[in-house]
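Take a look at the letters that make up each chain.
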Amino acid sequence: MPMRKFLIGLLVLVLLAYSTSWLHERTVSSSGWISDAKLSLWTFDANASDLSCIAEHWKPVGFYSFRNWSDIFIELSYSPKAMRNTGCDDFLITGRFDLYLRPMNDSIAIRRVLFVAENVSNVSVDPIFPKQVGVMYFKTPDGNFEVTEAHVPGLEIWQAIRAEALKPTWGEPLDLTPLIPLDIRKGEEIATIEARMRFRVEVEYLVRTGFFKSEKRKLEIEIPAVYRLYGLENCSYECEP
């Protein structure tokens with residue numbers, strides 16, 4: 001009888017310790033503030049007559065980066081490159097958009113990150129989601145986040161990706177590197193094309209406010225971008241300028 005009471009007491013202690021640890025890791029969360037920022041226009045200029053139409057002969061057209069220090073350190077960078085077809089009326093632009101997110105301390109946990117590439121005018125977006133073994137899904141190398149396509153109203157599914165934490169990620173960073181393939185076509189006899197994009201990053205995260213409690217917060221960053229292709233009237237049919 002005493003042994004039975006001892007085992008029951010031990011089981012209760014184990015269950016209590018487990019539930020305490022589980023609740024400490026996951027917390028009971030309440031709604032917090034939403035912060036948003038719109039960056040200055042990112043402008044990428046390219047002389048069409050200087051672009052090549054030989055396969056994989058890309059020419060860099062600019063570089064931008066952005067850093068933000070708050071609950072989460074955020075670093076964004078983007079360096080597209082361009083090429084054209086022989087008729088100089090179809091232009092391909094591609095480039096990695098690097099996102100690095102790191103909580104400022106172990107009391108902050110990234111829950112979900114959404115990245116959107118939205119075409120505003122004169123440009124179409126090809127799939128930005130990377131394929132791995134033909135499947136539009138993968139986990140980050142450490143296995144803490146799953147990355148999938150994301151449904152955003154008004155956009156094609158391939159224009160957005162989402163990374164979501166598979167478990168509590170207190171203090172753990174996240175890297176995302178979507179590739180942005182764009183197609184710009186010359187629709188009429190003009191000397192300059194202005195193609196406009198809007199990139200959007202949304203970060204949802206938790207900030208611990210107690211042993212069992214946390215606050216949900218959200219950070220939204222919008223980045224307008226324009227790609228200016230000029231010199232179309234001087235663009236020859238020769239593939240290498």
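Being a predicted model, the structure only gives us computed values, none of them experimental.

Cut-offs applied
Residues numbered from 1 in each chain as written. Predicted model: local features only at pLDDT ≥ 70, side-chain atom pairs only at ≥ 80, totals over all residues. Heavy atoms only, no water. Core = buried A, V, L, I, M, F, W, Y, C linked by side-chain atoms within 4.5 Å. Buried < 20%, exposed > 50% of the residue type's maximum accessible area, 1.4 Å probe, protein only. Helix = DSSP H or I, 4+ residues; strand = E, 2+ residues; numbered from the N terminus. Contact = heavy atoms within 4.5 Å. 1 Å grid on protein atoms, 1.4 Å probe; cavity = no way out; pocket = protein on both sides within 12 Å on 5 of 7 lines; lining within 4 Å. Points joined across faces, edges and corners; volume = space filled by probe spheres on them. Nonpolar A, V, L, I, M, F, W, Y, C, P; charged D, E, K, R; others polar.

Trainee: What should I look at first to understand the nonpolar core in this one?
Mentor: Membership of the largest hydrophobic core comes to 54 residues, with the highest contact counts inside it found for F97, F115, F199 and Y227. For this core, the leading source of residues is strand β16 (residues 193–208), giving eight residues. Those residues in contact with Y227, other than ones at most four positions away along the chain, are F44, Y78, P80, I93, L182, I184, I193, E194, A195, M197 and F199. Of all hydrophobic cores here, the second largest spans six residues; its members include L114, A150, V152 and A160.

Trainee: Before we go on, may I ask you to explain unusual backbone geometry in this structure?
Mentor: For residues other than glycine, phi is negative in most cases, and the peptide bonds are mostly trans. Located in the positive-phi region is E56, a residue other than glycine, with phi close to 70°. Position of E56 among the secondary structure elements: in the loop between β2 (42–47) and β3 (59–60). The phi torsion at C88 lies on the positive side, around 55°, for a residue other than glycine. Summarising the element assignment, C88 is placed in the loop between β6 (81–84) and β7 (90–94).

Trainee: When you look at empty space enclosed by the protein in this model, what are you seeing that I'm missing?
Mentor: One water molecule sets the probe size; rolling that probe over the atoms shows where empty space is left. Counted under the stated rule, the structure contains one cavity of 30 Å³ or more. Going through the elements one at a time, β2 and β17 (213–230) are the ones with two or more residues in the lining of the largest cavity. Among the residues forming the lining of the largest cavity, the class breakdown is six nonpolar, no polar and two charged.

These figures capture arrangement, not role.
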